[in-house]
Amino acid sequence: MPTWGFGGAPKFPAPTLLEFLLTRPEGRDMALHTLKRMAAGGIYDQLGGGFHRYSVDERWLVPHFEKMLYDNAQLTRVLLQAYQHTGDEDFARLARETLTYLEREMLSPTGGFYSAQDADTPTDHGGVEGLTFTWTPAEIQEVLGEEASLIERVYGVTEQGNFLDPHRREYGSRNVLHRPAPWTGWPRTWVRTRPPCMLV
């Protein structure tokens, strides 16, 4: 199995395939591994919860930043099934965070749900892809102060960045938040009590 789960770029979540694999003893490990890699990658919104539409690379790192209602609804069900199979609380947490995102961002005041969230962030000069979901070290330092260096290490933030919109180069290199290493070794008290603006 490839390190980042099955499939090549562009890489779509394929929730129905993951759900099927979870029902097959010979495919369950593949599905669980893929879900874990998705959860650690930029395809999962590490700050606000929910999954972007697909990854432009095979590592689940840089997404197409649009978020779809149907993807997140189906992936929530898959995550809950993964939790039932394994008892791994991370799957339950991801499901809760995804549902929280849907209620916060996708629920219409009239009671229905919007079908999608745009990839572009509105600016005075038109839409900029991914601006809402990417960060520079300076922006993180402005928000978090002395905690910024720890957040940058946890979420793989560097001055070089990992994302550049080729159509809007004036915004420079930015960082899609991801978790390049597991939580092992990080203080669990910090993980559970970190500022609410930096959700895992």
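Everything here concerns the structure above.
The following paragraphs examine the structure supplied in this document. (Residues numbered from 1 in each chain as written. Predicted model: local features only at pLDDT ≥ 70, side-chain atom pairs only at ≥ 80, totals over all residues. Heavy atoms only, no water.)

**Notes on unusual backbone geometry**
The criterion, for reference: Counting from the N terminus, the helices are DSSP H or I runs at least four residues long and the strands are E runs at least two residues long. When accessible area is computed with a 1.4 Å probe and restricted to protein chains, residues below 20% of their type maximum are described as buried, those above 50% as exposed, and intermediate ones as partly exposed.
Following Ala-9, the chain continues to Pro-10 via a peptide bond in cis, the omega torsion being -10 degrees. Structurally, Pro-10 can be placed in the segment before helix 1 (15–22). At Trp-60, a residue that is not glycine, the phi angle is positive and equals roughly 60 degrees. Within the element layout of this structure, Trp-60 appears in the loop between strand 1 (54–55) and strand 2 (63–64). Note on Trp-60: relative accessible area 1%, which makes it buried.

**Description of empty space enclosed by the protein**
Left-over empty space is what a probe sized like a water molecule reveals as it rolls over the atoms. Inclusion rule: Buried and open spaces are told apart on a 1 Å grid over the protein atoms alone, a cavity being a set of points where a 1.4 Å probe fits but cannot get out and a pocket being an open set with protein on both sides within 12 Å along at least five of seven lines. Residues with an atom within 4 Å of a point are the lining residues. Grid points are joined across faces, edges and corners, and a volume is the space filled by probe spheres set on the points. Think of it as three bins: nonpolar holds Ala, Val, Leu, Ile, Met, Phe, Trp, Tyr, Cys and Pro, charged holds Asp, Glu, Lys and Arg, and polar takes everything else, Gly as well.
Applying the stated criterion to the full structure yields 1 cavity of 30 Å³ or more. The space that makes up the largest cavity amounts to roughly 50 Å³. Contributing to the lining of the largest cavity are Val-128, Glu-129, Gly-130, Leu-131, Thr-134, Phe-163, Leu-164, Asp-165, Arg-168, Tyr-171, Gly-172 and Arg-174. Class assignment of the residues belonging to the lining of the largest cavity gives a composition of 5 nonpolar, 3 polar and 4 charged.

**A closer look at the nonpolar core**
For clarity, the cut-off: Each nonpolar core is a collection of buried residues, namely Ala, Val, Leu, Ile, Met, Phe, Trp, Tyr and Cys, held together in the definition by side-chain atoms within 4.5 Å.
Formed by 19 residues in total, the largest nonpolar core has its most connected members in Leu-18, Leu-35, Met-38, Leu-79 and Phe-91. At the level of elements, helix 1, helix 2 (28–40), helix 3 (69–86) and helix 4 (89–106) are the ones that each hand at least two residues to this core. Residue contributions to this core peak at 5 residues, all from helix 2. If you look at the next biggest cluster of nonpolar residues, it comprises 10 residues, including Ile-140, Leu-144, Ala-148 and Val-157.

**Let's talk about the pairing of strand 5 (residues 120–123)**
The cut-off we apply is this: Strands qualify as paired when DSSP identifies two bridges or more between them.
Across 4 bridges, the pairing between strand 5 and strand 6 (residues 126–129) is antiparallel. The residue of strand 6 that forms the bridge with Thr-123 is Gly-126. Where strand 5 hands over to strand 6, the hairpin turn is made up of 2 residues, counted between the paired strands.

**With respect to the side chain of Thr-136**
Going by this rule: By the convention used here, residues are in contact when the closest approach between their heavy atoms is within 4.5 Å.
Examined against the element boundaries, Thr-136 turns out to sit in the loop between strand 7 (134–135) and helix 5 (137–144). A residue is classified by how much of its surface remains accessible, and Thr-136, at 17% relative accessible area, is buried. Apart from residues lying up to four places away in sequence, Thr-136 is in contact with Ser-173, Arg-174 and Asn-175.

None of the figures reported here should be taken as evidence of function without further support.
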